[in-house]
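Okay, here's what each chain looks like letter by letter:
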Amino acid sequence: GAVVSQHPSWVICKSGTSVKIECRSLDFQATTMFWYRQFPKQSLMLMATSNEGSKATYEQGVEKDKFLINHASLTLSTLTVTSAHPEDSSFYICSARVLAGATEQFFGPGTRLTVL
Amino acid sequence: AQSVTQPDIHITVSEGASLELRCNYSYGATPYLFWYVQSPGQGLQLLLKYFSGDTLVQGIKGFEAEFKRSQSSFNLRKPSVHWSDAAEYFCAVGGDTGRRALTFGSGTRLQVQP
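None of these values were measured; they are calculated from a predicted model.

Notes on the pattern of salt bridges
Residues and elements named next belong to chain B.
- Summed over the entire model, instances satisfying the criterion amount to 7 salt bridges over all chains.
- Close ionic contact of glutamate 66 with arginine 77 constitutes a salt bridge, the shortest N to O distance being 3.3 Å. Placement of the pair is glutamate 66 in strand S8 (residues 64–68) and arginine 77 in strand S9 (residues 73–78), with a sequence separation of 11 residues.
- Taking relative accessible area as the criterion, glutamate 66 reaches 23% and is therefore assigned partly exposed.
- Between lysine 78 and aspartate 85 there is a salt bridge whose closest N-O contact spans 2.8 Å.
- Judged by its relative accessible area of 10%, lysine 78 falls in the buried class.
- Through salt bridges with shared partners, one network takes in Glu64, Glu66 and Arg77.

Rendered as structure tokens:
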């Protein structure tokens, strides 16, 4: 149980285009999903916390207009990288929390974004 | 603010040797501690977690970790390393806060020599 999927697993796009990444909890409802970013050979950095039915909470330094997060249902959160640039190339990982107040998160397999 | 330090960026061990990966945390209350493993280009797999109770926790793949409050540590151990254990290992801390997100250490890359 507690499986989280991400789609696509990798994407290559041209500079200036927008890319949408989906994060789905397959066998449970997730009231909260988290989006992390990981640069090569570095750790995961929290970008934003996504709560179903409300606006996402962004970490300091993360541009909310550039990284649009939508958590429209209890099983789906999307991250849209708008007007992507090469510096946005990274590994994006989502995680989902099963219950409100629970600390344990289940991670998706990640999405590799390459912006040319 | 919570933080996690993994002092060893890179560790190399011989196959069959024992392993200990260090993790120190900073947190104002009782922490929830995790160890994750990540293979190249892959997501994170949870090895083990500590919430409360017995300070020695057993995980998957033969790993264990010991929570030592006095040392603010949660070191990961394995008595005999296999070549397939080569990967990146992350220690993370979470807590009963409003954000409830995890804070990750910088990771330790494990290389296993034949």
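So much for the structure itself; the text now carries on.
Section: the nonpolar core
- Among the nonpolar cores identified, the biggest contains 27 residues, and Trp35, Leu48, Phe74, Leu76 and Tyr89 of chain B are the most heavily contacted of them.
- At the level of elements, strand S2 (10–14), strand S3 (19–21), strand S5 (32–38), strand S6 (44–50), S8, S9, strand S10 (87–94) and strand S12 (108–113) of chain B are the ones that each hand at least two residues to this core.
- Among the elements that line this core, the one with the most residues is S10 of chain B, at 4 residues.
- Residues Val62, Tyr92, Leu113 and Val115 of chain A belong to the second largest nonpolar core, which totals 25 residues.

Each value, and the rule that gives it
- Residue numbers run consecutively from 1 along every chain, following the written order of its sequence.
- In the order they appear in the text, chains get letters beginning with A and ligands get numbers beginning with 1.
- For a predicted model such as this one, the threshold for reporting local features is a pLDDT of at least 70, and the threshold for listing and counting side-chain atom pairs is 80 or more; totals across whole chains, interfaces and linings nevertheless cover every residue.
- Calculated side-chain values reflect all of the structure's heavy atoms, with hydrogen atoms and water omitted.
- The rule for a salt bridge is simple: a side-chain nitrogen of Lys or Arg has to be within 4 Å of a carboxyl oxygen of Asp or Glu.
- Helix and strand assignments come from DSSP, with helices taken as H or I runs of at least 4 residues and strands as E runs of at least 2, each series counted from the N terminus.
- Burial classes follow relative accessibility: with a 1.4 Å probe on protein chains only, a residue under 20% of its type's maximum area counts as buried, one over 50% as exposed, and anything between as partly exposed.
- Take the buried residues of types Ala, Val, Leu, Ile, Met, Phe, Trp, Tyr and Cys, join any two whose side-chain atoms come within 4.5 Å, and each joined set is a nonpolar core.

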